[in-house]
Amino acid sequence: MIMITGATGNFGRPLVAELAAQGSKVRALTRTPAAVRLPAGVEPCDSAAPDFAGVRALVVNIAGAPGSTTALLDAAKAAGVRRVVTLSSLLVATEGESPAEGSTAALHRDIEVAVEAGFPQWTHLRPGAFASNSLQWAAQLRAGDVVHGPYAGACTAPVHEADLAAVAVRALLGDDLLGLAPSLTGPQELTLAEQVQTLGAVLGRPLRYQELSPAAAKAAMLAQSSWVQEAMVDSLLDFLAGTVGRPALVTGEVERILGRPALTYAQWAEANAAAFAAAS
Ligand SMILES: NC(=O)c1ccc[n+]([C@@H]2O[C@H](COP(=O)([O-])OP(=O)(O)OC[C@H]3O[C@@H](n4cnc5c(N)ncnc54)[C@H](OP(=O)(O)O)[C@@H]3O)[C@@H](O)[C@H]2O)c1
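A brief look at the structure comes next. (Residues numbered from 1 in each chain as written. Predicted model: local features only at pLDDT ≥ 70, side-chain atom pairs only at ≥ 80, totals over all residues. Heavy atoms only, no water.)

1. Re the overall build of the chain
The condition that has to hold: The secondary structure listing takes helices from DSSP runs of H or I that are at least 4 residues long and strands from runs of E that are at least 2 residues long, numbered from the N terminus. The globule rule used here is 2.2 Å times the number of residues to the 0.38 power, and the radius of gyration it is set against is calculated over C-alpha atoms. Three exposure classes are used, based on accessible area relative to the maximum for each residue type with a 1.4 Å probe and protein chains only: buried under 20%, partly exposed in between, and exposed over 50%. Between two residues, a contact is recorded if the distance between any of their heavy atoms is within 4.5 Å. Residue burial considers only the protein chains on display, and all accessible areas are found by Shrake-Rupley using a 1.4 Å probe. Counted as positive: Lys and Arg. Counted as negative: Asp and Glu, with His and the chain ends omitted from the count. Note on charges: their place is set at NZ of Lys, CZ of Arg, CG of Asp or CD of Glu.
Along its length, the chain carries eleven helices and eleven strands. In terms of C-alpha radius of gyration, the chain reaches 19 Å, essentially the compact-globule figure of 19 Å for 280 residues. By principal-axis analysis of the C-alpha atoms, the chain measures approximately 55 × 45 × 40 Å. Taken across its 280 residues, the chain has 47% of its residues classed as buried. Within the chain, residue pairs in contact and separated by at least 24 positions form 75% of the contacts whose partners lie at least 6 positions apart. Carbon and sulfur atoms make up 53% of the accessible area of the chain, which totals about 12500 Å². For the chain, the distance from the average position of its 19 positive side-chain charges to the average position of its 25 negative side-chain charges is 7 Å.

What follows is the structure in structure tokens.
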């Protein structure tokens with residue numbers, strides 16, 4: 001049995017689907033086990049009271065682990081879980097061993113350290129910016145053709161969550177990624193403005209990106225998420241600012257691990273076009 005926190009999210013949903021398709025037993029943590037729709041055979045479980053009976057491997061996504069991730073790991077260890085795959089962050093790799101206190105990198109590195117100390121088998125997935133971050137533009141693009149956000153020139157290589165899920169499946173079911181922390185990016189660098197242009201090409205609409213001041217963008221991000229903390233937003237904005245005018249890191253790890261090309265941002269946009277459809 002594989003337990004997945006954040007199972008209904010951007011990363012968790014394709015992961016659960018792929019594991020279920022391969023015949024793995026999956027227990028999906030969610031705050032709404034009675035209401036959630038999951039693939040046939042997947043067990044929903046209340047994320048406030050995780051049931052570790054029979055669980056041999058755990059996927060830790062802090063976005064779906066309410067309360068203390070330390071408590072979740074302690075319970076997993078007590079229950080005899082042997083393998084843990086963490087959804088970490090590329091920032092751990094790029095910010096070095098001593099990231100700023102409270103930053104996204106520090107938050108994820110603390111969890112990595114706890115996992116390394118507590119479990120014999122582990123893999124940390126360190127993704128860069130998710131392609132699905134563009135879903136934060138969905139409401140704006142249903143209402144019009146302009147996206148308001150920070151740093152139009154911020155440049156990343158967005159990674160498709162289906163690729164992250166495929167790497168996670170390898171880490172859960174095989175042994176070749178044990179003890180490793182691959183840095184996972186998409187295949188192509190794009191600025192935020194270029195992402196909006198790509199979406200426009202896929203949707204057949206004249207979309208454009210209108211830059212907001214960092215302070216206005218911060219207020220909007222905090223208002224949009226119930227779990228994101230101020231320090232995380234600050235570190236995200238600092239990260240974006242630092243990418244303007246610089247080439248984005250493209251690691252090629254997804255291709256190396258999966259033995260096929262990484263999925264592109266345009267492919268992500270095609271698969272998710274319905275989320276941005278203009279209100280009629
Ligand atoms: N976005 C990026 O570019 C990026 C890059 C690198 C690393 N990461 C890391 O990836 C993680 C985010 O993963 P994701 O996109 O899969 O997450 P997500 O989709 O935002 O959330 C995952 C699940 O967490 C649950 N959840 C949401 N808010 C919650 C709350 N306040 N309390 C408890 N549960 C809550 C929801 O499930 P239920 O409603 O079913 O409970 C949701 O489906 C973070 O740790 C982030 O640092 C993100």
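From this point, the narrative continues.
2. Considering the pattern of salt bridges
For side chains of opposite charge, pairing can occur when their charged atoms come near one another. Note the following rule: Salt bridge, as applied in this entry: a Lys or Arg side-chain nitrogen positioned within 4 Å of an Asp or Glu carboxyl oxygen.
Summed over the entire model, instances satisfying the criterion amount to twelve salt bridges. A cluster of three or more residues bridged by salt bridges with shared partners is formed by Arg109, Glu112, Glu116 and Arg126.

3. So, the packing of helix α1 (residues 12-21) against helix α6 (residues 161-173)
When two helices pack together, their arrangement is captured by the angle between the axes and the distance separating the axes. We apply this condition: Every axis in this analysis is a line fitted to C-alpha atoms, fitted for helices over the stretch in contact. Angles between the N-to-C directions lie between 0 and 180 degrees. Angles are sorted into four bins: roughly parallel if under 35 degrees, roughly antiparallel if over 145, roughly perpendicular if 65 to 115, and oblique for all others. It is the rotation of the near helix from the far one that decides the hand of a crossing: anticlockwise by less than a right angle makes it left-handed, clockwise makes it right-handed.
Packing of α1 against α6 leaves a shortest axis separation of 8 Å and a crossing angle of 50°. It follows from the interaxial angle that α1 and α6 lie oblique. Taken as a pair, α1 and α6 cross one another with a handedness that is right-handed. Where α1 approaches α6, its residues Pro14, Leu15, Glu18 and Leu19 are matched on the opposing element by Glu161, Ala162, Ala165, Ala166, Ala168, Val169, Leu172 and Leu173.

4. A few points about the environment of valine 115
Considering the arrangement of structural elements, one finds valine 115 in helix α4 (residues 104-118). Here valine 115 falls in the buried class, since its relative accessible area comes to 0%. What valine 115 contacts, discounting residues up to four positions off in sequence, is Leu73, Val84, Thr86, Trp122 and His124.

5. Brief notes about the pairing of strand β4 (residues 57-60)
In plain terms, the rule: Strand pairing requires that DSSP identify at least two bridges connecting the strands.
The alternating pattern of β4 places Ala57 and Val59 on one face and Leu58 and Val60 on the opposite face, and all of these are buried. Bridging between strand β1 (residues 2-4) and β4 involves three bridges; their strand directions are parallel. Looking across to β4, one finds that methionine 3 is bridged to leucine 58. The pairing of β4 with strand β5 (residues 83-87) spans four bridges and is classified as parallel. Residue pairing in the sheet places valine 60 in a bridge with threonine 86 of β5.

6. Side note on the nonpolar core
Nonpolar side chains tend toward joint burial in soluble globular proteins. To be explicit about the condition: Take the buried Ala, Val, Leu, Ile, Met, Phe, Trp, Tyr and Cys residues and link them wherever side-chain atoms come within 4.5 Å; each set so joined is a nonpolar core.
Ile4, Phe11, Leu15, Leu19, Val59 and Leu172 are the most contacted members of the largest nonpolar core, which has 31 residues in total. Those elements giving two or more residues to this core turn out to be β1, α1, β2 (26-30), β4, β5, α6 and α10 (253-258). Residue contacts for valine 59: discarding those within four places in its chain leaves Ile2, Met3, Ile4, Thr5, Phe11, Leu15, Val85 and Leu172. In terms of nonpolar packing, the next biggest core, distinct from the first, is built from 23 residues, Trp137, Tyr209, Leu240 and Ala269 among them.

7. A short note on the site of the ligand
Stated precisely, the cut-off is as follows: Here a residue counts as near a molecule or strand whenever at least one of its heavy atoms sits within 4 Å of it. Polar contact is the term for a pair of N or O atoms within 3.5 Å; when the atoms are in protein, one must be able to donate a hydrogen and the other to accept it, and sequence-neighboring residues count only if both atoms are side-chain atoms. When residue character is reported, Ala, Val, Leu, Ile, Met, Phe, Trp, Tyr, Cys and Pro are called nonpolar, Asp, Glu, Lys and Arg charged, and the others, Gly included, polar.
In the vicinity of the ligand lie 22 residues, with Thr8, Thr30, Arg31, His108 and Asn133 positioned nearest. The separation between an oxygen atom of the ligand and a polar main-chain atom of glycine 9 is 3.2 Å. Separating an oxygen atom of the ligand from a side-chain N or O atom of asparagine 133 is a distance of 2.8 Å. Taking 930 Å² as the accessible area of the ligand by itself, protein coverage stands at 81%. Of the residues belonging to the shell around the ligand, the class tally is nine nonpolar, twelve polar and one charged.

8. Some details on the sheet that holds β1
Backbone-to-backbone hydrogen bonds pair the strands of a sheet. The strands run either parallel or antiparallel. Spatially, β3-β2-β1-β4-β5-β6-β9 is the arrangement adopted by the seven strands of the open sheet, whose pairing is parallel. Strands with a single pairing partner mark the edges of an open sheet, and in this sheet they are β3 (43-46) and β9 (183-184). Bridging between strand β6 (residues 121-127) and β9 involves two bridges; their strand directions are parallel. Each residue of the ladder has a partner; that of arginine 126, found in β9, is serine 183. Contacting β2 and β4, helix α2 (residues 69-78) crosses the sheet at an angle of about 175° to β4.

9. Digging into unusual backbone geometry
Phi angles above zero are rare outside glycine, and tyrosine 151 is one such case at about 45°. Relative to the helices and strands, tyrosine 151 is located in the loop between β7 (146-150) and β8 (155-156). Judged by relative accessible area, which is 19%, tyrosine 151 ranks as buried.

10. Considerations on the side chain of threonine 30
Within the element layout of this structure, threonine 30 appears in strand β2. Each residue touching threonine 30, except ones within four places of it in the same chain, is listed here: Thr8, Val36, Cys45, Asp46 and Ser47.

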